[in-house]
Amino acid sequence: MILTPSLALIITGVLVATLTGRTHSARIYSNSTQKLESFPSPIGGRLSSQTELDLAWADAYEQAWDLVSQMTLLEKVNLTSGTGWEMGPCVGNTGEIPRLNFPSLCLQDGPLGIRFTELNSVFPAGLATGATWNKALMYTRGQALGQEFKAKGINVLLGPSMGPLGRAPEGGRNWEGFGTDPYLQGIGAYETVQGIQDVGVVATAKHFLLNEQEHFRQAAESSGFGYSDPMAYSGNTDGRALREIYAWPFAEAIRAGAGAVMCAYNAVNDTQACENSYLLNHILKDELGFQGYVMSDWLAQRSGVNSVIAGMDMSMPGDGESWADGIPFLAANLTLAALNGSIPLWRIDDMAVRILAAHYLVKQNPRNYTKPNFSSWTLVDNDDLYPGSPSKTPYGLVNQHVDARSSLSRRVTRQIATESMVLVKNQNSYLPLKSVKRMSIIGSAAGPFSLGPNGCENRGCNNGTLATGWGSGSVNYAYLATPFEVINMRAFSEGFGIDYSFDDYDLDSATVLAEASDVAIVFVTSDSGEGFLTVEDNLGDRNDLDLWHNGDELITTVASSNNNTIVVIESVGGVNMEAWIDNENITAVLYALVPGQDIGFGISDVLFGDANPSGRLPFTVARNKSDYPATVEYTMTSRQPQLNFSEGIFIDYRHFDRESIEPRYEFGFGMSYTTFEISNFSVELSSDANTDLEAPLPGNYSNPTLLNSSLPNATDTVYPDDIPRYKKFIYPYLTSSEADGIKYDEDAYPYPSGYNTTQKSVPHPAGGASGGNPALFDYLVNATAQVGNTGNLSGAEVVQLYLSYPDLLNVEFPVKSLRGFEKISLQPNETSTVQFWLTRKDLSYFDVVRDNWVLPRGNFSVYIGNSSRSNALAGRFSID
Ligand code: BGC
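Note that the coordinates shown come from a computational prediction; the quantities given were computed from them, not determined experimentally.

K.L.:
Mind showing me how you'd approach the overall build of the protein here?
P.N.:
A count of helices and strands for the protein gives 20 helices and 29 strands. The C-alpha atoms of the protein give 27 Å as radius of gyration, which agrees with the globular expectation for 880 residues (29 Å, within 12%). Seen along its three principal axes, the alpha-carbon backbone of the protein occupies a region of about 85 × 70 × 50 Å. For the protein, the residues scored as buried account for 66% of the 880 residues in total. Considering only residue pairs separated by 6 or more positions, the protein has 79% of its internal contacts joining residues 24 or more positions apart. In the form shown here, the protein has an accessible surface area of approximately 28,600 Å², with 48% of it arising from carbon and sulfur atoms.

What follows is the structure, given as structure tokens:
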């Protein structure tokens, strides 16, 4: 491992920030009955749970203890600390441990494919995947993603994203996740994590927690809003919404075995997420039983000791207060904090063990794993190995141009592109298209971008067809099948006439084309992305829900000249359609929710009837923007914007139902070319169900495994003479003057109140296993229904189960909550039985006073249908 000469001076400066930490003030986690700090950080590997997953974790821990017990302090520190921005091939690179032949770990974005490389797939985004409502496909996509990451030598995939959840419909990164409902998002997360990890790549559940908008998500991006020393916003929520809405999908990811969790940029209830002991120690590692490691989002770490004692395990990309500063909060500072007694050695052991255990859990031995064969920073063959350093660093082969794609990824990207299409209007069954003679294609979103599909970095522009949003969740295209190209080739083979205009503002040409064709297809967009890029004045978050590029006018102009106008919306979320949706000349409307490289195939398949549409909306489309319960906070009225999630659990359809607001298209809605009938319902509480108010307590923690580590002499942590020292590269070593100045004093650090080091022996009552108390996942209720295809075409129905809870005096429930779904493919006249199992957690609410999930008493109603507003009462059951 290697060092920088300038570090000595810098470290002393950083120490002040590191050791003083940041504010830890109180907020509304609960009805003020809970403590807001939680110490110590739970040591991993202590679950007594016997689930298959937890037994696998136990094995992984054995291996991790074995290797970590052979490591020196400096080696453990290196495992926890990134080498700095652009200091290695990947967006995140840990320090290596040459003595043990342990390589630098490669961490790479992102949720829909490999960022910054080539010859990889651009998979459908989370939102498109959620819109398929197809669990098996979600899993296969995870596998295909994992295989591509593995082929490039990536150890850790920085995804899936399950936060933002979509509280605000304009939220810039909502499209990276699976939809605005914790249950749907949870299944997306669960299946994806399993798929990725089953092929041996570690998945990262991100961003924990309340990262619901881009504006002010981090201090560095909040400058220019009137405050000289801005802070990241604080998302403030109550304890119930935190568990039932925002943490729910993370619990599912952990229950699937997620090896890593990324803590968010923003603060949660006034404390930075990455140094929030209540969030990381209490909720994540105790209540959700998380056994893997917490990495910071890139520069989300804002303190040293405070972050470590609060439960953060790895610093990414390793730099400190600002981007590429080369001045770490961990690395040498962690070495120092161990030597001066601020951070106990067991905690550093636990950080290292957790990191290794996650890799062993997925049967990845980094020592024998493919090494990264690409560079995130260039596509040429040879370049600097550490391009972020102002020093001269080694030069060599950085790109081997490995084609990561497989037949599986080809199949999955194509299938999801088709299955995710949501048909929301189809007047008089106009679609699928029959006997077209003259077609016009109108709108820039139908065609290519003049600079090519990768013409804007990180897809930070909206030109041509829109197959993904922008930011770290974007990927380079090896090809992009635009709708125009695919449909044009059809015109060639099927013999219909086709003409087009890609100018969104040339309404005259649009009119001429519309008049001259028997069907006119208008392509429109709405885009968003990550806050580090502003596109057409949208700082990550969308400024509004209107169509971009003159969309409304283009549509109404075409519709006024052609009574078979079809609208294709390529969008990152809900858009306002009120200007034209009821226009009778608009015969069909199709939603394409950022479906990746095969967007053109997906659209064409559905328009021409090669596939029967089976996507369903993973969010509510409102009639008015003001109908939504929350919006992005765009203005900064204090140094630290306070985002009060005062709508609590009532996000998306829960709000529309509660306030009796008629949506334009409800959550779960989507049309088919055939018809289905859902019938023969039955709902039953299992006769042997344990219906106690709270789940039985989980087993106690086993005693912590301590590795008998001892502190080295400070002089042994000094930079070795024979090591190259590159500027800004982040090393674990101290300078000799730092080493000389160290005094060991366990009481010197100004710890937050309540800090202690005594490990709990009893888990949180809702914890005790990965993802939570195993009894929360016991099946209590079984529901079945029959679904039949009553039309003339084969197709797939998404059968959805919604639950209504009993009336309780002091607890308000949503009118309905999604608690099950299955996608069923049926031939004409075929019927099939659908089974749903509801768990104790599905039936419970989180009681902040009891600090646990509680099974309410009274009558429950179960609705089974094909959207959140289809009202077929399937049955009732009661719990006394
Ligand atoms: C994003 C993360 C991403 C990381 C690394 C951050 O800006 O919020 O989602 O994984 O960068 O690129």
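That was the structure; now back to the text.
K.L.:
In this structure, what is going on with the pairing of strand β13 (residues 438–442)? I would like to understand it.
P.N.:
Walk down a regular strand and you will see the side chains alternate between the two sheet faces. Taken across its five residues, β13 has four buried, putting it largely inside the fold. Relative to strand β14 (residues 497–501), β13 runs parallel, the two being bridged by five bridges. Note that in β14 the partner of Arg 438 across the bridge is Gly 497. This β-α-β element, β13 to helix α14 (residues 483–494) to β14, shows right-handed connectivity. One ladder, built from four bridges, connects β13 with strand β15 (residues 519–526); its direction is parallel. Following the sheet pairing, Ile 442 is matched in β15 by Val 522.

K.L.:
Looking at this structure, I do not really get unusual backbone geometry. What am I missing?
P.N.:
The general pattern is negative phi for most residues beyond glycine and trans for most peptide bonds. Of note, the bond from Asp 109 into Gly 110 is cis; its omega dihedral lies within 30 degrees of zero at -5°. Position of Gly 110 among the secondary structure elements: in the loop between β2 (106–108) and α4 (126–132). Between Lys 206 and His 207 the backbone carries a cis peptide bond, its omega angle lying at 0°. Although it is not a glycine, Asp 270 sits at a positive phi angle of roughly 85°. Secondary-structure assignment places Asp 270 in the loop between β7 (267–268) and β8 (271–272). Backbone geometry at Lys 363 places phi at a positive 60°, although glycine is not the residue there. One can find Lys 363 in the loop between α12 (345–361) and β10 (382–384). Residue Lys 363 is classed as exposed on the basis of its relative accessible area, which comes to 76%.

K.L.:
Please explain the packing of helix α7 (residues 239–246) against helix α8 (residues 248–255) as it appears in this structure.
P.N.:
If you want to describe how two helices pack, look at the angle between their axes and the distance between the axes. At a closest axis distance of 5 Å, the pairing of α7 and α8 adopts a crossing angle of 50°. Our classification of the angle between α7 and α8 gives oblique. Residues Leu 242, Arg 243, Glu 244, Ile 245 and Tyr 246 of α7 form the contact with α8, whose participating residues are Trp 248, Pro 249 and Phe 250. Classifying every residue of the contact of α7 with α8 gives six nonpolar, no polar and two charged.

K.L.:
What am I meant to see in the sheet that holds strand β12 (residues 422–426) here?
P.N.:
Within a beta sheet, neighbouring strands are joined by backbone hydrogen bonds and run either parallel or antiparallel to one another. Spatial strand order, β12-β19-β18-β15-β13-β14: six strands in an open sheet with mixed pairing. Two strands lie at the open edges of the sheet, namely β12 and β14, each paired on one side alone. Here the average twist between neighbouring strands, direction ignored, is 15°. Across the sheet, helix α16 (residues 551–561) lies against β13, β15, β18 (565–571) and β19 (586–592), angled at about 170° from β15, the strand it touches most. Docked against the sheet, helix α17 (residues 599–608) engages β13, β15, β18 and β19, running at close to 145° with respect to β19.

K.L.:
Explain the pairing of strand β22 (residues 779–789) here, please?
P.N.:
Counting buried positions along β22 yields nine of eleven residues, so the element is predominantly enclosed. Pairing geometry for strand β21 (residues 676–685) and β22, over eight bridges, is antiparallel. Along β22, the bridge assignment pairs Glu 677 with Gly 788. Both β22 and strand β25 (residues 831–839) contribute to a ladder of nine bridges, which runs antiparallel. In the sheet register, Gln 786 faces β25, and the bridge partner there is Thr 833.

Calculation notes
- All chains use their own residue numbering, which begins from 1 and follows the written sequence.
- This being a predicted model, a pLDDT of at least 70 is required before a residue's local features are given, and a value of 80 or more before pairs of side-chain atoms are given or counted; all residues contribute to the totals for chains, interfaces and linings.
- For side-chain calculations, the full set of non-hydrogen atoms in the structure is used, while hydrogens and water are omitted.
- Each helix corresponds to a stretch of at least 4 residues labelled H or I by DSSP, and each strand to a stretch of at least 2 residues labelled E; elements are numbered beginning at the N terminus.
- As a reference, a globule follows 2.2 Å times the number of residues to the power 0.38, and the radius of gyration itself is taken over C-alpha atoms.
- Burial here depends on accessible area, computed with a 1.4 Å probe over protein chains only, as a share of the maximum for the residue type. Under 20% is buried, over 50% is exposed, and the range in between is partly exposed.
- Residue contacts are defined here by distance: any two heavy atoms, one from each residue, within 4.5 Å place the two residues in contact.
- Note on areas: Shrake-Rupley, 1.4 Å probe, and residue coverage restricted to the protein chains presented here.
- A pair of strands is labelled paired if DSSP reports no fewer than 2 bridges between them.
- Note on handedness: a crossover is taken as right-handed if, strands pointing away from the viewer, the path from the first strand over the helix to the second is clockwise.
- The axes are straight lines fitted to the C-alpha atoms, using for helices just the contacting stretch, and the angles between their N-to-C directions are given from 0 to 180°.
- When describing relative orientation, an angle under 35 degrees is termed roughly parallel and one over 145 degrees roughly antiparallel, while 65 to 115 degrees is termed roughly perpendicular and anything else oblique.
- Residue type decides the class: Asp, Glu, Lys and Arg count as charged, Ala, Val, Leu, Ile, Met, Phe, Trp, Tyr, Cys and Pro as nonpolar, and the leftover types, Gly among them, as polar.

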